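Listed below, chain by chain, are the residues.
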Amino acid sequence: MDDSEFMGLALDLAREAGAAGEVPVGAVVVMDGDVVGRGSNQPIGRHDPTAHAEIIALRDAAGRLGNYRLPGCTLFVTLEPCAMCAGAIMHARIDRVVFGARDPKTGAAGSVVDLFAESRLNHHTAIAGGVLAEQCGSLLSGFFAARRGRTLVA
């Protein structure tokens, strides 16, 4: 599978989150071409402000691999990680993050701040943004437009 196909899996998880009334964000952790962790946004349903898709996927991968550190793994997520998730990603020693849509309000991979570029931190994660960005962004835009009670005009 390539980056777009893994992002497609994350998009499927994002759609599930949206169908459950959560902000539609999905994430998968991949190691050696295999999905080892999956997550979708669940802070509303879990009553947990830390239940972002990335955190859920990291926890799933760590449990499956039996290690809280995930070197050699890539995280695919439909939305640019926030500061909380960026910190968790770096603590988990994720090698690479691939995200879809940019987040101009809370993005911590260059949109608002770039925590991944902070040279004083002890772990550095490679970042690639914009994979299936249009599909990821459209899913989010449609979700919020529906919440506001209006349809999105393409």
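Residues numbered from 1 in each chain as written. Predicted model: local features only at pLDDT ≥ 70, side-chain atom pairs only at ≥ 80, totals over all residues. Heavy atoms only, no water.

Q: Lay out the nonpolar core in plain terms, naming residues and giving numbers.
A: A general tendency of soluble globular proteins is for nonpolar side chains to be buried together. Counting 37 residues, the largest nonpolar core has Val29, Leu58, Leu70, Leu75, Ile89 and Ile94 as the members making the most contacts within it. Counting only elements with at least two residues in this core, the list comes to helix H1 (3–19), strand E1 (26–31), helix H3 (53–65), strand E3 (73–79), helix H4 (83–91), strand E4 (96–101) and helix H5 (133–147). Beyond its immediate chain neighbours, meaning those up to four positions away, Val29 contacts Asp34, Val35, Val36, Gly37, Ala57, Leu58, Ala61, Cys73, Thr74, Leu75 and Ile94. (Core = buried A, V, L, I, M, F, W, Y, C linked by side-chain atoms within 4.5 Å. Buried < 20%, exposed > 50% of the residue type's maximum accessible area, 1.4 Å probe, protein only. Helix = DSSP H or I, 4+ residues; strand = E, 2+ residues; numbered from the N terminus. Contact = heavy atoms within 4.5 Å.)

Q: How would you sum up unusual backbone geometry? Please name residues and give values.
A: Residue Asp32 is not a glycine yet carries a positive backbone phi of 50 degrees. Within the secondary structure layout, Asp32 lies in the loop between E1 and strand E2 (34–40). Residue classification places Asp32 among the exposed positions, given a relative accessible area of 72%. Not every positive phi belongs to a glycine, and Leu132 is a case in point at roughly 55 degrees.

Q: Can you explain the side chain of Thr78? Please cite residues and give values.
A: Within the secondary structure layout, Thr78 lies in strand E3. Thr78 has contacts with Met7, Ala10, Leu11, Ala14, Pro24, Val25, Gly26, Gly100, Ala101 and Cys136, leaving out every residue within four places of it along the chain.

Just geometry here; none of it tells us what the structure is for.
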